[in-house]
Amino acid sequence: MLKSVKVILCSSAVKYQFAVSCYSSKACPSIAVVLSGCGVNDGTEIHEASAVLSHITRNRAVPHMFAPDIPQADIINHLECKPDTTHCRNVLVESARIARGQILPLSELVRNPEQYDAVVFPGGFGAAKNLCDFAVKGAECSVLPDVKEVIQQFHGCKKPIGLTCIAPILAARILCGVNITLGQNSCDEEKWPYRDAIKAAEQMGAIVENKDVNETTFDRKNSVFSTPAYMYGPAQFHEVDDGIGGMIKYMLLCIRDKS
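Residues numbered from 1 in each chain as written. Predicted model: local features only at pLDDT ≥ 70, side-chain atom pairs only at ≥ 80, totals over all residues. Heavy atoms only, no water.

*Asks:* Would you mind going over the packing of aromatic side chains with me for this structure?
*Replies:* Applying the stated criterion across every chain yields a total of six aromatic pairs. Here Trp192 and Tyr232 contribute two aromatic rings whose centre-to-centre distance is 4.8 Å and whose plane-to-plane angle is 45°, an arrangement assigned as tilted. Of this pair, Trp192 sits in the loop between β8 (179-181) and α9 (195-203) while Tyr232 sits in the loop between β11 (224-227) and α10 (237-258), and the two are 40 residues apart along the sequence. For Trp192, a relative accessible area of 6% puts it in the buried group. For the ring pair Phe218 and Tyr250, a centre distance of 5.1 Å and an interplane angle of 65° mean the geometry is edge-to-face. (Phe/Tyr/Trp six-rings, centres within 6.5 Å; stacked < 30°, edge-to-face > 60°. Helix = DSSP H or I, 4+ residues; strand = E, 2+ residues; numbered from the N terminus. Buried < 20%, exposed > 50% of the residue type's maximum accessible area, 1.4 Å probe, protein only.)

*Asks:* Can you help me understand the pairing of strand β6 (residues 118-121) in this one?
*Replies:* Regular strands place their side chains on alternate faces of the sheet. Side chains Ala118 and Val120 of β6 all project onto a buried face; the interleaved residues Val119 and Phe121 project onto the opposite face, where all are buried too. Judged from the three bridges that link them, strand β1 (residues 30-34) and β6 form a sheet pairing that is parallel. The residue of β6 that forms the bridge with Ile31 is Ala118. As defined by bridge partners, β6 adjoins strand β7 (residues 161-164) across three bridges and the pair is classed as parallel. Across the sheet, residue Val119 finds its bridge partner in β7, namely Ile161. (Pairing = 2+ DSSP bridges.)

*Asks:* Whenever I open this one, the pattern of salt bridges confuses me. Can you help?
*Replies:* Once the charged atoms of two side chains with opposite charge are near each other, the side chains can pair. On inspection of all chains with the given rule, the structure shows six salt bridges. Ionic pairing is found between Arg111 and Glu108, a salt bridge with its closest N-O pair at 2.6 Å. Linking Arg111 with Glu108, this pair stays in helix α4 (residues 106-111), spanning three residues, or about one helical turn. Here Arg111 falls in the exposed class, since its relative accessible area comes to 54%. (Salt bridge = Lys/Arg side-chain N within 4 Å of Asp/Glu carboxyl O.)

*Asks:* Would you explain the sheet that holds β1 in this entry?
*Replies:* Within a sheet, each strand pairs with its neighbour through backbone hydrogen bonds, oriented either parallel or antiparallel. Taken in spatial order, the seven strands make up an open sheet running β5-β2-β1-β6-β7-β11-β10, and their pairing is mixed. Pairing within the sheet leaves two strands with one partner each, and these edge strands are β5 (103-105) and β10 (217-219). Pairs of neighbouring strands in the sheet enclose a mean axial angle of 25°, with direction left out of account. In terms of strand pairing, β1 meets strand β2 (residues 62-67) through five bridges, oriented parallel. Counterpart to Ser30 in the pairing with β2 is Val62. Of the strands in this sheet, β6 and β7 touch helix α7 (residues 145-156), which is tilted by about 140° from β6. Of the strands in this sheet, β1, β6, β7, β10 and β11 touch α10, which is tilted by about 165° from β11. (Axes fitted to C-alpha atoms, helices over the stretch in contact; angles between N-to-C directions. Contact = heavy atoms within 4.5 Å.)

*Asks:* Help me understand helix α2 (residues 46-58), please; the structure alone is not making it clear to me.
*Replies:* Spacing of three or four residues puts side chains on the same side of an α-helix, whose turn is 3.6 residues. Counted at 1.5 Å a residue, the expected span for α2 with its 13 residues is 18 Å, and the 18 Å between its end C-alpha atoms agrees. Listing the buried residues of α2 in full gives Glu48, Ala49, Ala51, Val52, Leu53, His55 and Ile56. Each element contacted by the buried residues of α2 is listed here: β1, β2, α3 (91-99), β6, β7 and α10. Where α2 begins, one side-chain oxygen reaches toward the backbone nitrogen of His47, 2.8 Å away; that side chain belongs to Glu45. (Expected span 1.5 Å × (residues − 1). Polar contact = N/O pair within 3.5 Å; in protein donor to acceptor, adjacent residues only side chain to side chain.)

What is shown is where atoms sit, not what they do.
Here you go:
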């Protein structure tokens, strides 16, 4: 069964690579989207990914999805919210569920960053477990080498970098003094249950702005955009969609203003 899954993924990737080369010659921006699995507790937050993708296309741009070809850090039974140790999963294969098979290994983005006008990292615990080890090591975390390389490449070319939910922690670790948001540093733990992430980001040297779920932080110097999404505990689906939509629209306006 695993062999057949890999064959299907391989076939889709070939078609996808062809699509990338075709779209790269068109006027609409090409946006790389880096996934980290499938499911909020051990991969990409699906609603955040969907919002990112729909707002990219709504704003006349083209998304291209990537994920690291590595084992997941862990597997969580999302019904019972308990670890599942009966089997292993691959981040790229799981991310292909969100991408409908149209996805490439992250190493391809590392090799061809010039084909894309911006990169977006949706949140979910996969960003803190699979793209880095923040979920385990906090402020002492390290970032997956390919993820670090992608962020440094886009930053070096002054191309926009978008991050939602917990994903801004990646920028905090890599870009010294970056300005991000991780929501509100509030004592109301029901509304903002992940305030410790703000303290950790500040320990890494980041400047963290307090923002609501529907707001965006834009670091003009570093071309970094971020929005809280599900860092806001009681967030409604439409609130997350609105916040991400605003961030994507702002990113694409900046891209078009430069052209």
